[in-house]
Amino acid sequence: MDKKLYFFANWKMYLGAKDSTNLAKEYLNIEYPENCKVAVFPSAFAVPEIAKILKGSELELGAQNTYWADKGGYTGEISAVTYKEMGCTYALVGHAERRHIFHESNHDVRLKIEALLQLGITPVLCVGETGEERKKNQIEEVLEAQIRSAFMDLSWPEDITPIVAYEPVWAIGTGESCDAKEAERISDLISSWSEELIGQEPVILYGGSVRGENISGYLAEEHISGALVGGASAKAESWSELIGCLE
Ligand code: 13P
């Protein structure tokens, strides 16, 4: 495959600190294709130890969530500054679970993106419609609002690659993945809205029940350059099976 591929592993809250460090070591035993960028998004507690494990490897590290203020009275939050100090080069922003379980708004997402860009961390903007919104034919409306709020009047730094993950909420952790042609249709839209707003087409990842058996369908599509993987990334076997399907 000619295009550069991105494989981002979101371990969510699936693993404790010890299991996370063990899995990071197993990730290093896997052979990744040359054109493939891999980043791991472990739980916050495991980040410092995993930074040590991944040091000197090609694998990069990301935060699952960050707070926009650098410091202050924000009990329980972790600033992007701290993640940068720990060696994170990416951060997920607006993951569906943050939006729907923790009620993060498009405005929160925007503040986080601005803070990350200031620090030189690459935000991975996650967008997606719920099953209900899909049934009501509100897909484009919801996604456009998510993209516009994130990118409107934003001066995008030249040295940071914009990355957007299309993760339909109904496909996350359900085993019901989005049809590849439909994911491509949406990715095309995301691409044009983004280009209009920040002057460049982002790298687009698909996320939602990605497995070894369905990955090649997504990668065959023009606008999809990789995947943001949850469940299948949290076990060495399913992750190496998925990576094995990229050859
Ligand atoms: P699953 O791969 O478990 O569906 O999760 C997708 C996801 O939310 C990645 O961020």
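Residues numbered from 1 in each chain as written. Predicted model: local features only at pLDDT ≥ 70, side-chain atom pairs only at ≥ 80, totals over all residues. Heavy atoms only, no water.

**Focus: the packing of aromatic side chains**
Now for step 1: As enumerated under the stated definition, the model contains ten aromatic pairs in all.
Now for step 2: Aromatic pair Phe 8 and Tyr 90: ring centres 4.8 Å apart, planes at 55°, arrangement tilted. Highlighted residues: Phe 8 in strand S1 (residues 5-10) and Tyr 90 in strand S4 (residues 90-93), separated in sequence by 82 residues. Neither Phe 8 nor Tyr 90 differs from the other in exposure class; each is buried.
Now for step 3: Centre to centre, the rings of Trp 11 and Tyr 27 are 5.3 Å apart; their planes meet at 80°, and the pair counts as edge-to-face. Taken together, the residues span a long stretch of sequence, with Trp 11 in the loop between S1 and helix H1 (17-28) and Tyr 27 in helix H1 at a distance of 16 residues. Tyr 27 matches Trp 11 in its accessibility class, with the two residues each being buried. (Phe/Tyr/Trp six-rings, centres within 6.5 Å; stacked < 30°, edge-to-face > 60°. Helix = DSSP H or I, 4+ residues; strand = E, 2+ residues; numbered from the N terminus. Buried < 20%, exposed > 50% of the residue type's maximum accessible area, 1.4 Å probe, protein only.)

**Notes on helix H2 (residues 47-54)**
Because the α-helix completes a turn every 3.6 residues, residues three or four places apart line up on one side.
Now for step 1: For H2, the full list of buried residues reads Val 47, Ile 50, Ile 53 and Leu 54. Each buried residue of H2 sits inside an arc of 115° when the element is viewed along its axis, so together they form one side.
Now for step 2: Those residues of H2 hidden inside the fold are in contact with H1, strand S2 (36-41), strand S3 (60-63) and helix H3 (80-85).
Now for step 3: Within two residues after H2, Gly 56 carries a phi angle of roughly 85°, on the positive side. (Arc of directions from axis to C-beta. Contact = heavy atoms within 4.5 Å.)

**So, the pairing of S3**
Now for step 1: Alignment of S2 against S3, held across two bridges, turns out to be parallel. In the strand pairing of S3, Val 40 is matched with Leu 61.
Now for step 2: Following the backbone out of S2, through H2 and into the adjacent parallel S3, one traces a crossover that is right-handed.
Now for step 3: The pairing of S3 with S4 spans two bridges and is parallel. Pairing of Ala 63 across the sheet is with Ala 91, part of S4.
Now for step 4: With H3 bridging S3 and its parallel neighbour S4, the resulting β-α-β unit is right-handed. (Pairing = 2+ DSSP bridges. Right-handed = clockwise from strand over helix to strand, strands pointing away.)

**Topic: the site of the ligand**
Now for step 1: The environment of the ligand is made up of 13 residues, and the closest members are Lys 12, His 95, Gly 173, Ser 209 and Gly 231.
Now for step 2: Note that an oxygen atom of the ligand is positioned 3.0 Å from one of the side-chain N or O atoms of Asn 10.
Now for step 3: One of the side-chain N or O atoms of Glu 167 is found 3.0 Å from an oxygen atom in the ligand.
Now for step 4: Relative to its free-state accessible area of 310 Å², the ligand is covered by the protein chains to the extent of 99%. (Near = heavy atom within 4 Å. Polar contact = N/O pair within 3.5 Å; in protein donor to acceptor, adjacent residues only side chain to side chain. Areas by Shrake-Rupley, 256 points an atom, 1.4 Å probe, with all protein chains shown as cover.)

**Examining the nonpolar core**
Now for step 1: Membership of the largest hydrophobic core comes to 68 residues, with the highest contact counts inside it found for Phe 7, Phe 151 and Trp 239.
Now for step 2: Look past the residues within four positions of Phe 151 in its chain and what remains in contact with it is Arg 110, Leu 125, Trp 156, Val 164, Ser 194, Leu 197 and Ile 198.
Now for step 3: With 13 residues, the next largest nonpolar core counts Tyr 6, Phe 8, Cys 126 and Ile 163 among its residues. (Core = buried A, V, L, I, M, F, W, Y, C linked by side-chain atoms within 4.5 Å.)

**Digging into the side chain of Thr 122**
Now for step 1: Topologically, Thr 122 is positioned in strand S5 (residues 122-127).
Now for step 2: Ignoring any residue separated from it by four or fewer positions in sequence, one finds Thr 122 in contact with Thr 89, Tyr 90, Ala 91, Ile 160, Thr 161 and Ile 163.

**Digging into the layout of surface pockets**
In this approach the atoms are scanned with a rolling probe the size of a water molecule, which exposes any empty space left behind.
Now for step 1: For the largest pocket, the calculated volume is near 550 Å³.
Now for step 2: Counted by class, the lining of the largest pocket contains nine nonpolar, six polar and four charged residues.
Now for step 3: What the second largest pocket holds in volume is close to 150 Å³.
Now for step 4: Taken together, 17 residues form the lining of the second largest pocket, with Lys 12, Gly 173, Ser 209, Gly 230 and Gly 231 sitting closest to its centre.
Now for step 5: Split into classes, the residues belonging to the lining of the second largest pocket amount to six nonpolar, eight polar and three charged. (1 Å grid on protein atoms, 1.4 Å probe; cavity = no way out; pocket = protein on both sides within 12 Å on 5 of 7 lines; lining within 4 Å. Points joined across faces, edges and corners; volume = space filled by probe spheres on them. Nonpolar A, V, L, I, M, F, W, Y, C, P; charged D, E, K, R; others polar.)

**Some words on the pattern of salt bridges**
Now for step 1: This model, assessed by the stated rule, comprises 13 salt bridges.
Now for step 2: One salt bridge connects Glu 104 with Lys 112, and the closest N-O pair in it is separated by 2.8 Å.
Now for step 3: Residue Glu 104 is classed as buried on the basis of its relative accessible area of 9%.
Now for step 4: Measuring nitrogen to oxygen at the nearest pair gives 2.8 Å for the salt bridge that ties Arg 134 to Glu 129.
Now for step 5: Residue classification places Glu 129 among the buried residues on the basis of a relative accessible area of 0%.
Now for step 6: Among the ionic contacts, a cluster of salt bridges with common partners joins Glu 129, Arg 134, Glu 140, Glu 182 and Arg 185. (Salt bridge = Lys/Arg side-chain N within 4 Å of Asp/Glu carboxyl O.)

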